[in-house]
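Structural features, examined
Residues per chain are reported as follows:
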Amino acid sequence: MVEIIFIVPFITGLFAFFVPKQIGRPLLVFTGAIHLLLSLLLWKNRPEAYFSDYFAVTPEGLLSLLVISLLFFLISIYTIGYLEASKIQAENIFTGFMLLFLSTMTMVTLSDHIMIMWIAIEATTLTSAPLIYTHRSGASLEATWKYVLICSVGIAMALLGSVFVTLAMDIGQVDAPLSFSALTQVAKSLDPLWLKAGFVFILVGYGTKMGLAPMHTWLPDAHSEAPSPASALLSGVLLNCAYLGIFKTNKIMYAAGLNDFSSLILIVFGLMSILAAATFILKQNEYKRMLAYSSIENMGIIAVGTGIGGIAAYGAIICMIHHSLIKSSLFLSSGNILLGYGNRLITNTGDMVSRMPKTFIAFFSGFAGISGFPPFGIFIGELFIIVGAFRSGRYVTIGIFIAALCVIFAGFANQIMKISFDKFDGTIQIKEKASMVWPQYILLLTSLIFCFYMPDTVYQTIVDAVTAVGGGLR
Amino acid sequence: MILNPVDTILTFVLLSVLFSFGSSRLPMLISVVAFQGIVVSIVPFFLGHGMTAGGMTFTIATLLIRGIIIPMSIYIAIKKVAIHREVEPIVGYHASLLCGLGLIVAATYLSRQLNLPSISNYTLLFPTAIALLVTGMFLLMARRNAIAMVLGYIMMENGIYLVGTTFSVRARHIVEFGILLDVLAGVMIMAIILQNIKRTFDDVDTALLRTLKE
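Keep in mind it's a predicted model, so treat the numbers as computed, not measured.

From N to C terminus, chain A includes 19 helices and zero strands. A compact globule built from 474 residues should have a C-alpha radius of gyration of about 23 Å, and chain A, at 21 Å, falls within 12% of that. Once the C-alpha set of chain A is aligned to its principal axes, its extents read approximately 70 × 50 × 45 Å. Contacts in chain A between residues at least 24 apart in sequence constitute 83% of all its contacts with a sequence separation of at least 6.

Time to look at the overall build of chain B. On a plain count of helices and strands, chain B comes out with seven helices and zero strands. When the helices and strands of chain B are read in sequence order from the N terminus, they spell out α-α-α-α-α-α-α. Counting all 214 residues of chain B, 45% fall into the buried class. A separation threshold of at least 6 residues defines the contact pool for chain B, and within that pool the share at least 24 residues apart is 76%.

What follows concerns the nonpolar core. Grouped together as the largest cluster of nonpolar side chains are 239 residues, with contacts concentrated most on A:Ile317, B:Ile74, B:Ile147, B:Val150, B:Leu151 and B:Leu194. Residue contributions to this core peak at 21 residues, all from helix α6 (residues 138-171) of chain A. Residues within four places of A:Ile317 in sequence aside, it is in contact with A:Leu63, A:Ile462, A:Ala465 and A:Val466.

A word on the environment of A:Leu27. All names here are of chain A. Relative to the elements of secondary structure, Leu27 occurs in helix α2 (residues 21-45). In sequence terms Leu27 and Gly399 are 372 residues apart; their C-alpha atoms lie 49 Å from each other. Setting aside chain neighbours within four positions, we find Leu27 in contact with Thr12, Ala16, Val19 and Thr95.

Before going further, it helps to spend a moment on the interface of chain B and chain A. Across the boundary between the two partners, chain B contributes 32 residues, which contact 31 residues of chain A. Every element with two or more residues in the side of chain B that touches chain A is listed here: α6 (146-163) and α7 (173-201) of chain B. No other element matches the 13 residues that α7(B) contributes to the side of chain B that touches chain A. Of the residues belonging to the side of chain B that touches chain A, the class tally is 20 nonpolar, eight polar and four charged.

For chain B, per-residue confidence averages 83 on the pLDDT scale, and 88% of positions sit at 70 or higher. Here the complex is predicted with pTM 0.95, and the ipTM for its interfaces comes to 0.92.

Analysis parameters
- Residues numbered from 1 in each chain as written.
- Chains lettered and ligands numbered in written order.
- Predicted model: local features only at pLDDT ≥ 70, side-chain atom pairs only at ≥ 80, totals over all residues.
- Helix = DSSP H or I, 4+ residues; strand = E, 2+ residues; numbered from the N terminus.
- Rg over C-alpha atoms; globule rule 2.2 N^0.38 Å.
- Contact = placed C-beta atoms within 7 Å.
- Buried ≥ 20, exposed ≤ 12 C-beta atoms within 10 Å, placed from the backbone.
- Core = buried A, V, L, I, M, F, W, Y, C linked by C-beta atoms within 7 Å.
- Nonpolar A, V, L, I, M, F, W, Y, C, P; charged D, E, K, R; others polar.
- pLDDT = per-residue confidence, 0-100.

Right, dumping it as structure tokens:
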């Protein structure tokens, strides 16, 4: 029974609202461990879903699920230390919504029905909104408001797109269940016009949630105002969940032979996101916002890769996995920086290399990883995307792509150098506890290991996932 | 041409759309949204799909949530704070009304071009849906008052529901109910945020929400 994997965090989440923090904190880690165990079992056995009309185990879902589980487990360990060091009112609400958030994201990875997918993605917005408002300040209120309103309106577009897909079924006189897997099989007989319209609306809708420009405006605010464990979850896994919705719709488009159309749109939105990130990262003065823009950049890279197809689609999935691992480690480290320096502005930090050496190691290697230096996986992913683009002769696309990546690297490096090596006269307000640096090390190490050695089953799952959108290691 | 009951009640919705472009007071706008919610939830009744017991229960639940609970929760959220306030337009009322008229013409023209077989008997179904959707977006963009923005979102959702009435033939009610619950929870959360915005900034004018920007 596949569904148990999101029912467990749902129940513990509801339970967590009513217990004091002495129980709530261990409950978070405990649920994380159970969730990880369950998803490893799911990988091994790949059982059928009980409600097979609505849920299914798919390769792309399995990949996201494993990332979610691993990340949540490590983040929950970090969260204990974070909660002790920071003052959060109503901690039970925070823990409860963290668990509900986990539950809804898991549901996204397992949904197969188009509308259930929508329900689950909208539910992730609703369960994560209270997390952003945890600090109860005016700015966090504004971020929450923007997040809920922009994402709800955006996702409403995706609902409209999903309805258009059902219209495509009506007009093509297709009688099939309304699930991604069934529609992929009958894609040829769907009405192409309405399918295209549906894809565009779904891309705009879930693209809002994924942080594609120009719908990305909520993302930097939400990521910078949320407490760091929540930011790590938002950036590391929530964006992937939204991408999953686009990916699955793209599968239908590919099966219907409309992939030229969908590729073009994906590439345009992807490039816009990378360019938007490049523009804003250069003059950024807050480090958490800088990381948020880097997420927008990486989502753009993933969209471009998926759009190009072939080996680039494989690269996009590699980028997705490694972005989650590395970016969440960066956000956790940024939590340490925030607690240590007590300030979000880059100018009020400095000399991290000697003041917070353990965090420095995690933060700096995370930076190296996210900007595409060789020992980390993003390098390989981006390389595949570039190779794929050259193979398919998209020279302009890849020219813009590479130029923007260079600009982003320059901007990013400049800020990181300031945080790490500039002079700093104040005092550091926390001690670097082991539980607040080891999760980052493990995340980065996982990324490193995946770069040199990827288990066959993972490799095969990635290939299975991308074959359906015309990708593969060819 | 004899109008069928669906088109007759949808005419009122189109009129209410025009009304919401020109209305300056929030309580008025809330009642308009409530009226639209009631109409879109009873439309499937008249579409002539076979009514089962499950379908009946679902329609009543939709009616309760879209027509009563959602507007009421917004009303309660703002009762103490901003009830007699204006919607703080960015685009003026006369210009808004003109936009509304243009929109209805465009929506009617568009739906004639699209030629949808499943709803071809109901001339006004698709134009009304488009009009509701675009009006919702218009209110989101052209009003600075946070409550008016939430009402715009609800109006959009009503419009999508109306497009989805064709979809409701094939979907199980459990799926539709899930969508409805999400929308309800979304509006509830927005209402809570509205109260907090009011408490923190002492107003619901979104021009005050300007600390986070590039």
